[in-house]
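Report on the structure
Here is what each chain is made of, one letter per residue.
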Amino acid sequence: MMTKLRRFLPVVLGFSALGLLTLVFGCSGDSFSSGGSAATSKSCTMGGGLNTSYPTKILFMVDTSGSNVQMTTNGCGSGYCQDPPSDPNKSFRVGGIMSFFTQFQNYANLSWGLLTFGGDQSQNLTGGQSSIFTNSPSIMSNAINSLSGIQDFGDTPYQLAFNTAQQSIAADPAAAQSNYFLVLVTDGYPTDFYDSTGMNVNTQAVLGAVGTLVSNPAGHVTLSTLYYHNGSSDPTAAGLLQQMAQTGRGQFADVNTANNSLYPIAQLVPETCQ
């Protein structure tokens, strides 16, 4: 099992000219950028509301790794910084998701999903064995509350989260008639995509996995990424997650939890799709 330190070592990003537009909001230096058009087969705009005319399924994929509750070594500037735990009481993760859900829970076309990933497992908090998505506000509310009781521990297995999401979409008989907005909420690097040296994240493998995740049904799935930290923003971690949002045709946000107890998740989800 990878040590927690490794998820904060330099990664090989291989940046290209992505032409991303970065928008800086007036909230303590948090940044937000567009990864590209959301859902290629439909017209979507970004904003804080959701249209009720098309079936929409929102899945939160939430990091429960040990760095949430442990001091970590984080890349900053030309060296490394020691950062405090990123979200030890889950106030940022639980609070931000609950705030978004409370705002939109009564929209008739919305279904919800919540999974966690940490250590060597991914947990489905909202669905039965066949699907993770629910249109029951009470089930989703209970799932968000239950997130508070899950222990933050171990590594950061992105691929396990991707697998759970893919299986849930594949099991949905209405997949071709639905939009899926996946939101990855994480405080660092994936620990299951290292290269042969065991020291650097294999960026192309990560982006390939994202491409597979959003490819079926084609044009109906997007992935947005939210990078949260308590202290210095690691430019390599942020860069990787921004590339993931670009590949996933979604949005990217970089948030310092020391300055913000909540983040407007609605900024990461397309407003109108038809």
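What you are looking at is a predicted structure, and each value in this text was computed from that prediction instead of being measured.

A count of helical and extended segments in the protein gives five helices and 12 strands. Contacts in the protein between residues far apart in sequence, at least 24 positions, make up 79% of those at least 6 positions apart. Total accessible area computed for the protein in this model is approximately 10600 Å², and 52% of it derives from carbon and sulfur atoms.

Soluble globular proteins tend to bury their nonpolar side chains together. In terms of nonpolar packing, the biggest core is built from 35 residues, with M61, F162, L182, L223 and M244 touching the most fellow members. Elements supplying a minimum of two residues to this core: β4 (56-63), β7 (110-118), α3 (158-170), β9 (179-186), α4 (203-213), β10 (221-229) and α5 (235-247). If one sorts the elements of this core by residue count, α5 sits on top with six residues. Those residues in contact with M61 that lie beyond four places of it in its chain are L115, F117, A161, F162, A165, L182, V183, L184, V185 and L223. If you look at the next biggest cluster of nonpolar residues, it comprises 30 residues, including V94, F104, L226 and V255.

All right, on to the pairing of β9 then. Among the eight residues that make up β9, eight are buried, leaving the element largely enclosed by the rest of the structure. One ladder, built from seven bridges, connects β4 with β9; its direction is parallel. Each residue of the ladder has a partner; that of L59, found in β9, is L182.

What follows is about unusual backbone geometry. The residue after N216, namely P217, is reached through a cis peptide bond having omega 0°. Checked against the element boundaries, P217 lands in the loop between α4 and β10. Even without a glycine there, the phi angle at K90 is positive, about 60°. Among the secondary structure elements, K90 is positioned in the loop between β6 (79-83) and α1 (91-104). One non-glycine residue, R249, lies in positive phi territory at about 55°. Following the sequence through the fold, R249 ends up in the loop between α5 and β11 (251-256).

Okay, the packing of aromatic side chains next. If you walk through the whole model with that rule in mind, you get nine aromatic pairs. Between F100 and W112 the ring centres are 5.9 Å apart and the planes differ by 75°, which places this aromatic pair in the edge-to-face class. One end of the pair, F100, is in helix α1; the other, W112, is in strand β7, with 12 residues separating them in the sequence. Residue F100 is classed as buried on the basis of its relative accessible area, which comes to 3%.

Moving on, we come to the confidence of the model for the protein. Averaged over every residue, the pLDDT of the protein is 79; the share at 70 or more is 75%. Counting interchain partners and residues more than four positions distant, the pLDDT-below-50 stretch residues 1-43 has 128 contacts.

This paragraph deals with the pattern of salt bridges. Here the structure, examined in full by the defined rule, presents four salt bridges. Across the salt bridge formed by K90 and D152, the nearest N and O atoms sit 3.3 Å from each other. Remark: D152 occurs in the loop between α2 (137-147) and α3 and K90 occurs in the loop between β6 and α1; sequence separation between them is 62 residues. Owing to a relative accessible area of 7%, D152 belongs among the buried residues under this scheme. R93 serves as the salt-bridge partner of D152, at 2.9 Å between the closest nitrogen and oxygen. Note that D152 is positioned in the loop between α2 and α3 and R93 in helix α1, a separation of 59 residues in sequence.

Now for α2. Along α2, the residues that are buried comprise M140, S141, A143, I144 and L147. Seen end-on, α2 carries its buried residues on one side only, within an arc spanning 160°. Buried residues belonging to α2 abut β4, α1 and β7.

Procedures and definitions
- Residues numbered from 1 in each chain as written.
- Predicted model: local features only at pLDDT ≥ 70, side-chain atom pairs only at ≥ 80, totals over all residues.
- Heavy atoms only, no water.
- Helix = DSSP H or I, 4+ residues; strand = E, 2+ residues; numbered from the N terminus.
- Contact = heavy atoms within 4.5 Å.
- Areas by Shrake-Rupley, 256 points an atom, 1.4 Å probe, with all protein chains shown as cover.
- Core = buried A, V, L, I, M, F, W, Y, C linked by side-chain atoms within 4.5 Å.
- Buried < 20%, exposed > 50% of the residue type's maximum accessible area, 1.4 Å probe, protein only.
- Pairing = 2+ DSSP bridges.
- Phe/Tyr/Trp six-rings, centres within 6.5 Å; stacked < 30°, edge-to-face > 60°.
- pLDDT = per-residue confidence, 0-100.
- Salt bridge = Lys/Arg side-chain N within 4 Å of Asp/Glu carboxyl O.
- Arc of directions from axis to C-beta.

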